[in-house]
Amino acid sequence: MEEFAIDLNPSAVVRLERLSGRERFAAYLELTKPRITFLIVLTAAAGFALASPARIDYSALVRAMVGIALLSSGIATINQYMERDLDALMRRTANRPLPSGKLLPWEALAFGAGLTALAEIYLAVLVNPLTAVLKTRTSLSTMVGAFPGAVPPLIGWAAARGTVGLEAWVLFAILFLWQFPHFLAIAWMYREDYSRAGILMLPVVEPDGRVTAQQIVVYTVLLLPVSLLPAALGISGRVYLWGAIVLGLLFLYSSVRAAFSKSRQEARRLLLASVIYLPLLFILMVLDR
């Protein structure tokens, strides 16, 4: 009954009626989290390209990336539906389509479920069943966990080869380790928001930031040698090797600065460094394959 009452919130209905077609389209697009979806597709595409034995089958690549984008969008939408009450409590998320009343919860649920179902069928039929199974078994439960968050390169690899080998797991490990400094920077920046919503992120449970700072540095240090493994395994060449070293040291520098200062400004700089580092690393890896 409580969910039903939320869905029929009068203020939300009034807000909904005032939206133009363009505004409603923008609200649905926002549910898909385009920037996150873009990053997922980028890392999945890198996995596909690196798994391709000789020439890249661009037709198969496009088919796989369309399916992965649809599935990522559907999962992001369902995630926002499930977390709409928490989003309403945090300033940084209060203007999302559901807590702001731009869309009703049932609309988001129907949209997300439809995208997810369509993507699963699409991937199973037009790509291969392993690609569909990998994504479903790992990401429907949560979009923020490190393990499901590191799956996109595995999906891309599976789409190209139909199997997952050691090289694919190295790509998984890179993305897995990268998430810790990235998300801890976000958690530190918005720790008051998370605390208000009752979300026990690490910076919330230990306000002095000591453990947060340690984990940021430790995971960035671990990331540096792991990022060199593609060159050691023959996935990429010497240009990538030196590029990965430079990028890794710059990323580590940002992590150490953020860890020592424990300031919002340095956390923001670390966040920016993380979103620059990852695409550049994977692009360089593909270009030097």
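In what follows, the structure referred to is the one given above.
None of the values given here were measured: they were computed from a predicted structure.

Draft legend 1. Molecular detail of the overall build of the protein chain. Helix and strand counts for the protein chain stand at 17 helices and zero strands. Split into buried and exposed, the 289 residues of the protein chain put 49% on the buried side. Restricting the contact set of the protein chain to residue pairs at least 6 apart, pairs at least 24 apart contribute 73%. Total accessible area on the protein chain stands at roughly 14200 Å², and carbon and sulfur atoms take up 67% of it.

Draft legend 2. Fine view of helix H10 (residues 152-161). In terms of burial, H10 is a largely internal element, eight of the 10 residues being buried. Where H10 terminates, the next one or two residues include Gly162, which has phi positive at roughly 80°.

Draft legend 3. Representation of the environment of Gly74. Along the chain, Gly74 turns up in helix H5 (residues 58-82). With a relative accessible area of 0%, Gly74 lands in the buried category. With 44 residues separating them along the chain, Gly74 and Leu118 place their C-alpha atoms 9.1 Å apart. In contact with Gly74, not counting residues within four places along its chain, are Gly112, Leu115 and Thr116.

Draft legend 4. Up close: the environment of Ser263. Along the chain, the position of Ser263 falls in the loop between helix H16 (238-261) and helix H17 (264-287). According to the relative accessible area criterion, Ser263 is partly exposed, its value standing at 25%. Considering only alpha carbons, one finds Ser263 and Met189, 74 residues apart in sequence, at a separation of 8.2 Å. Those residues in contact with Ser263 that sit more than four places away from it in its chain are Trp188 and Ala258. Looking at Ser263, its side chain comes within polar contact range of the main-chain nitrogen of Glu266, at 3.1 Å.

Draft legend 5. Inspection of the packing of aromatic side chains at higher detail. This model, assessed by the stated rule, comprises six aromatic pairs. Ring geometry for Phe251 versus Tyr277: centroids 4.8 Å apart, planes at 25°, classification stacked. One end of the pair, Phe251, is in helix H16; the other, Tyr277, is in helix H17, and 26 residues separate them in sequence. The exposure classification of Phe251 matches that of Tyr277, with both residues buried. Within the aromatic cluster, the residues linked to one another by ring pairs are Trp169, Phe172, Phe176, Phe180 and Tyr219. For Arg84, the ring lying beneath its charged end belongs to Tyr81, and the centroid distance is 4.3 Å. The side chain of Arg92 reaches across the aromatic face of Tyr190, ending 4.9 Å from its centre.

Draft legend 6. Here's a closer look at the side chain of Ser255. Along the chain, the position of Ser255 falls in helix H16. The class of Ser255 is buried, set by a relative accessible area of 0%. When residues no more than four places from it in sequence are discounted, the contact partners of Ser255 are Pro181, Ile216, Val217, Thr220 and Leu270.

Rules and cut-offs
Residues numbered from 1 in each chain as written. Predicted model: local features only at pLDDT ≥ 70, side-chain atom pairs only at ≥ 80, totals over all residues. Heavy atoms only, no water. Helix = DSSP H or I, 4+ residues; strand = E, 2+ residues; numbered from the N terminus. Buried < 20%, exposed > 50% of the residue type's maximum accessible area, 1.4 Å probe, protein only. Contact = heavy atoms within 4.5 Å. Areas by Shrake-Rupley, 256 points an atom, 1.4 Å probe, with all protein chains shown as cover. Polar contact = N/O pair within 3.5 Å; in protein donor to acceptor, adjacent residues only side chain to side chain. Phe/Tyr/Trp six-rings, centres within 6.5 Å; stacked < 30°, edge-to-face > 60°. Lys NZ or Arg CZ within 6 Å of the ring centre and 35° of its normal.

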